[in-house]
Amino acid sequence: MKRTIRILSLALCLALFALALVACGPKSDPEKAKKALEKNGYTIDSAVDYLAGLATAITGNKTIDTTLTAHKDVEDKDGNTKTEFITIVYYKTAADAKADWENAKKDAEDDKQGEDSDWVVARSGRMIYWGTKAAVKAAS
């Protein structure tokens, strides 16, 4: 009986851990991520396949599927305005995202404004995303 309870509790812990990992990043479908951001009050700056096609034509890089960029200006209790920002690059395959990881990290650092402690840069499956933690949460 004790052994069964231990096994069940371990399985439950692993399941909860897996759910926590899945919920950390933006949605893997660009349209669902766009709708989630719009629902949370973000302005979509670009979410069209045209940009990916243009990048492909210019650079010859045929690995990007689409790109989603959004922002939202928020005001804190002191009246200071901060911009919450996110960019999500969807690649055709996870291998393409892995291959472009170093370049994407450099792009993310270029977008970073000042020393923002809540800045996130991550790769998950076929997407690479960067921005503020609040924007990443809004896209999930």
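Before any of the text, the structure's been laid out above.
Here's what I pulled together on the structure shown here. Here the structure is a predicted model, which means the values were calculated and not measured.

## Re the pattern of salt bridges
- For the structure on display, the rule yields four salt bridges.
- Close ionic contact of arginine 126 with aspartate 65 constitutes a salt bridge, the shortest N to O distance being 3.3 Å. One end of the pair, arginine 126, is in the loop between β4 (119-124) and β5 (127-132); the other, aspartate 65, is in strand β2 (residues 64-75), and 61 residues separate them in sequence.
- Using a relative accessible area of 26% as the deciding quantity, one classes arginine 126 as partly exposed.
- For the salt bridge of lysine 82 with aspartate 118, the shortest nitrogen-to-oxygen distance reads 3.1 Å. Of the two residues, lysine 82 sits in strand β3 (residues 81-91) while aspartate 118 sits in the loop between α5 (101-111) and β4, which places them 36 residues apart along the sequence.
- Residue lysine 82 is classed as partly exposed on the basis of its relative accessible area, which comes to 31%.
- Classification of aspartate 118 as buried rests on a relative accessible area of 16%.
- What emerges from the salt-bridge pattern is a single network uniting Lys82, Glu84 and Asp118.

## Considering the nonpolar core
- Judged by nonpolar contacts, the single largest core of 16 residues is most densely connected at Leu37, Tyr42, Leu68, Ile86, Ile88, Tyr90 and Tyr129.
- Those elements that provide at least two residues to this core are α2 (30-39), β2, β3, β4, β5 and α6 (133-138).
- Apart from residues lying up to four places away in sequence, isoleucine 86 is in contact with Pro26, Leu37, Leu68, Thr69, Ala70, Trp130, Gly131, Ala135, Val136 and Ala139.

## Observations regarding the environment of alanine 97
- As for its placement among the helices and strands, alanine 97 is situated in helix α4 (residues 94-99).
- When its relative accessible area of 0% is taken as the criterion, alanine 97 is described as buried.
- Distance in space between the C-alpha atoms of alanine 97 and isoleucine 64 is 8.4 Å, their sequence separation being 33 residues.
- Contact partners of alanine 97, with chain neighbours within four places excluded, come to Tyr91, Arg123, Gly125, Arg126, Met127 and Ile128.

## Side note on a negative patch on the surface
- Negative charge collects at one region of the surface, where Asp107, Glu109, Asp110 and Asp111 lie side by side.
- For aspartate 111, the location among the structural elements is in helix α5.
- Given the relative accessible area of 31%, aspartate 111 is considered partly exposed.

## A word on α2
- For α2, the full list of buried residues reads Pro30, Ala33, Ala36 and Leu37. Buried residues of α2, viewed axially, fall in a sector of 125 degrees; they line one side. Summarising the geometry of α2, the exposed residues directed more than 90 degrees from the buried face are Lys32, Lys35 and Lys39.
- Downstream of α2 by one or two residues, glycine 41 has phi in the positive range, about 85 degrees.

The rules behind these values
Residue positions are given per chain, counting from 1 as you read along its sequence in written order. Only residues with pLDDT of at least 70 are given local features in this predicted model, and only at 80 or more are side-chain atom pairs given and counted; all residues enter the totals for whole chains, interfaces and linings. Only hydrogens and water are set aside when side-chain values are computed; all heavy atoms of the structure are taken into account. Salt bridges are identified by distance alone: a Lys or Arg side-chain nitrogen within 4 Å of an Asp or Glu carboxyl oxygen. In this text, helices come from DSSP runs of H or I with a minimum length of four residues, and strands from runs of E with a minimum of two, each type numbered from the N-terminal end. The buried label goes to any residue with under 20% of its type's maximum accessible area, the exposed label to any with over 50%, and the partly exposed label to all in between, with areas taken from a 1.4 Å probe on protein chains only. We call a set of buried residues a nonpolar core when its members are Ala, Val, Leu, Ile, Met, Phe, Trp, Tyr or Cys and they connect through side-chain atoms within 4.5 Å of each other. For this analysis, residues touch if any pair of their heavy atoms sits within 4.5 Å. A patch consists of residues whose relative accessible area exceeds 30% and which take part in no salt bridge; residues with like charges are grouped when within 9 Å of each other, and nonpolar side chains (Val, Leu, Ile, Met, Phe, Trp, Tyr) when within 5 Å. Shrake-Rupley sampling with a 1.4 Å probe provides the accessible areas, and residues are treated as covered by the protein chains on show and by no other component. Counted as positive: Lys and Arg. Counted as negative: Asp and Glu. His and the chain ends are not counted at all. Charged groups are reduced to one reference atom each: NZ for lysine, CZ for arginine, CG for aspartic acid, CD for glutamic acid. For this quantity, the arc is that covered by the directions from the helix axis to the C-beta atoms.

Geometric descriptors of this kind do not, in isolation, establish any biological role.
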